[in-house]
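Below are the chains, spelled out letter by letter.
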Amino acid sequence: MSIKEKFLKYVKIDTMSDENSSTFPSSKSQLEFGKMLVKELHEIGVKNAYQDEFGYVYAKIDGDKKLKKIGLIAHMDTSSSLQGGNFEPRIVENYNGQEIKLSAEYSLDTNHFPSLKNQIGHDLIVTDGYHLLGGDDKAGIAIIMEIAQYYQNNTHIKHAPIRICFTPDEEIGLGASHFDLKKMDADIAYTLDGGEYNEINYENFNAASCKINIKGVGVHPGSAKSIMVNALTLAMEFNNLLPENEVPEKTEKYEGFYHLTDLHGDVENAFMSYILRDHDENKLEQKKLKMYEIAEILKAKYKTAKIEVTIKDSYKNMYTYFKNDMSVVNLISNAYKANDILPIYVPIRGGTDGASITFLGLPCPNIGVGDYSCHGRYEYVSLNEMNKVYEVIKTLLETI
Ligand SMILES: [Zn+2]
């Protein structure tokens, strides 16, 4: 199978993760998919491939023992934003820059999706307008499987030892939760996940979640004067005391935010949920302090109300590691340059499994795979770009 055939096979399989699930992995389909990948690895001759009790797929391909062992990681699950799998993706050969009709209702064009302007002459794979493509991250898996097949078929080529891991539940933030450094057995690693083919990510958000429970005072509205404290009104006042421009819809690049994700309740009780994000660790700390400060201001103002703020750290910026040691980033940058590709360095406005893996002790930046507008019906991949990433990885493995 070529990269294209592999990709088309994988995206037809639904592997949606489910954040409300109580099992790990969160969906059975991921276990089935992992099982299939192990079978394929065995079929192409990778003997040392298996799925562990958590559903992670690990594989090893021997190489020159003097060289660093390089880990390649991609995630098996797809976003729950739209149903994927069980549909016919469409191939647009030699894209001409015109609008691409996905279905009667939906289409892709360069006005709404400017990234398409760079795809003229490329072969693209698009959705039917009603399904998630799932190139995030089946594109990463297809590239890694192609790499495995290539070195199994070309044993005479000298290369670094290869370590592979396919993780479950990345989209629900749990991809690294049962990741096992010993099973991985790599010196350095890269996640291949989403984004432009020449994109390298070694910075991501520091993240925390904040839950606020408000207890008001409920009395009959007819005799409420000077007694009632409406918990919902208080919740709105709380939100109004936050910097109004520091929200996702008004920030970009390195700008952090407070994001209200839930607000519900009644006169007596209100509940709010926020996610707090910032690339700068200190600025995230300030955001956390701000939440406590506002609670104090409101408690002083409404003495009979109760406000409880609970903050939990979610993940950290992997730049904490890379600012002191860029060698793993430089290796992949050089592999891009050797293929006449100028890499771009993009800070991720979100998290990545690679960040958690880096903090476990295995430095793991992310590289893009040629997958665009993911998590929805407008997702598409460029086969030409996937092939370029495949070449870059080969260069990395052979020149390290
Ligand atoms: Zn992804």
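It should be emphasised that the depicted structure is a prediction, and the values quoted were computed from it without experimental measurement.

A few words on the overall build of the protein. When its secondary structure is counted, the protein shows 10 helices and 18 strands. Relative to the compact-globule value of 21 Å for 400 residues, the protein shows a C-alpha radius of gyration of 24 Å, a close match. Its C-alpha atoms put the protein at 85 × 50 × 40 Å along the principal axes. Here the protein holds 400 residues, and 52% of them are scored as buried. Within the protein, contacts between residues at least 6 apart in sequence are counted, and of these 79% link residues at least 24 apart. Carbon together with sulfur atoms contributes 49% to the accessible area of the protein, which is approximately 18300 Å² in total.

With that out of the way, let us pick up helix α3 (residues 135-153). Counted at 1.5 Å a residue, the expected span for α3 with its 19 residues is 27 Å, and the 26 Å between its end C-alpha atoms agrees. Counting buried positions along α3 gives 16 out of 19 residues, so the element sits mostly inside the fold.

Right, let's talk about the domain arrangement of the protein for a bit. Domain assignment breaks the protein into domain 1 (3-203 + 317-399) and domain 2 (206-314). Measuring from the centre of the C-alpha atoms in domain 1 to the corresponding centre in domain 2 gives 37 Å. Taken residue by residue, the interface counts six residues in domain 1 and nine residues in domain 2. Contact with domain 2 buries surface across domain 1, with N317, P347 and R349 losing the most and accounting together for 76% of the total. Linking domain 1 with domain 2 are eight residue pairs in polar contact (both at pLDDT 80 or more), by the criterion used here.

Here four strands make up an open sheet; going across it, the order is β12-β13-β11-β14 and the pairing antiparallel. Each edge of the open sheet carries a strand with a single partner, namely β12 (257-265) and β14 (306-315). Direction aside, neighbouring strands of the sheet carry axes that sit 15° apart on average. Note that strand β11 (residues 206-215) and β14 share nine bridges and pair antiparallel. Of the residues in β14, the one forming a bridge with I212 is V309. Seen against the sheet, helix α5 (residues 231-240) touches β11, β12, β13 (269-278) and β14 and runs at an angle of roughly 15° to β13.

Another point: helix α2 (residues 28-43). For α2, built from 16 residues, the straight-helix expectation of 22 Å at 1.5 Å per residue is met to within 8% by its first-to-last C-alpha distance of 23 Å. Listed as buried for α2 are Q30, F33, G34, M36, L37, V38, E40 and L41. Where α2 is buried, its residues meet α1 (3-11), β1 (49-51), β2 (57-61), α3 and β8 (162-167). Immediately downstream of α2, the backbone of G45 shows phi near 105°, a positive value.

So, on to unusual backbone geometry. The residue after F24, namely P25, is reached through a cis peptide bond having omega -5°. Along the chain, P25 falls in the loop between α1 and α2. Across the junction of D136 and D137, the peptide omega takes the value 15°, indicating a cis bond. Here D137 is to be found in helix α3. The residue D185 is not glycine, and still its phi comes out positive at about 55°.

Let's shift gears to the packing of aromatic side chains. What the rule picks out here adds up to 18 aromatic pairs. Ring centres of Y106 and Y130 lie 5.8 Å apart, and the angle between their planes is 75°; this geometry places the pair in the edge-to-face category. Here Y106, found in the loop between β5 (100-101) and β6 (107-108), pairs with Y130, found in the loop between β7 (124-126) and α3; they are 24 residues apart in sequence, far enough to count as distant. Exposure remark for Y130: the relative accessible area of 39% places this residue in the partly exposed category. Every member of this aromatic cluster is reached through a ring pair, and the members are F24, Y50, F54, Y56, Y58 and F179. In this arrangement the basic side chain of K138 is found over the ring face of F33, its NZ or CZ atom lying 5.0 Å from the centre.

Looking now at the state of the cysteines. Evaluated as defined, the whole model comprises zero disulfides. With no disulfide of its own, C374 lies closest to C364 among cysteine sulfurs, the gap being 18 Å. When its relative accessible area of 34% is taken as the criterion, C374 is described as partly exposed.

Calculation rules
Residues numbered from 1 in each chain as written. Predicted model: local features only at pLDDT ≥ 70, side-chain atom pairs only at ≥ 80, totals over all residues. Heavy atoms only, no water. Helix = DSSP H or I, 4+ residues; strand = E, 2+ residues; numbered from the N terminus. Rg over C-alpha atoms; globule rule 2.2 N^0.38 Å. Buried < 20%, exposed > 50% of the residue type's maximum accessible area, 1.4 Å probe, protein only. Contact = heavy atoms within 4.5 Å. Areas by Shrake-Rupley, 256 points an atom, 1.4 Å probe, with all protein chains shown as cover. Expected span 1.5 Å × (residues − 1). Domains from an automatic or database assignment. Buried area = accessible area lost by both parts, 1.4 Å probe. Polar contact = N/O pair within 3.5 Å; in protein donor to acceptor, adjacent residues only side chain to side chain. Pairing = 2+ DSSP bridges. Axes fitted to C-alpha atoms, helices over the stretch in contact; angles between N-to-C directions. Phe/Tyr/Trp six-rings, centres within 6.5 Å; stacked < 30°, edge-to-face > 60°. Lys NZ or Arg CZ within 6 Å of the ring centre and 35° of its normal. Disulfide = S-S within 2.5 Å.

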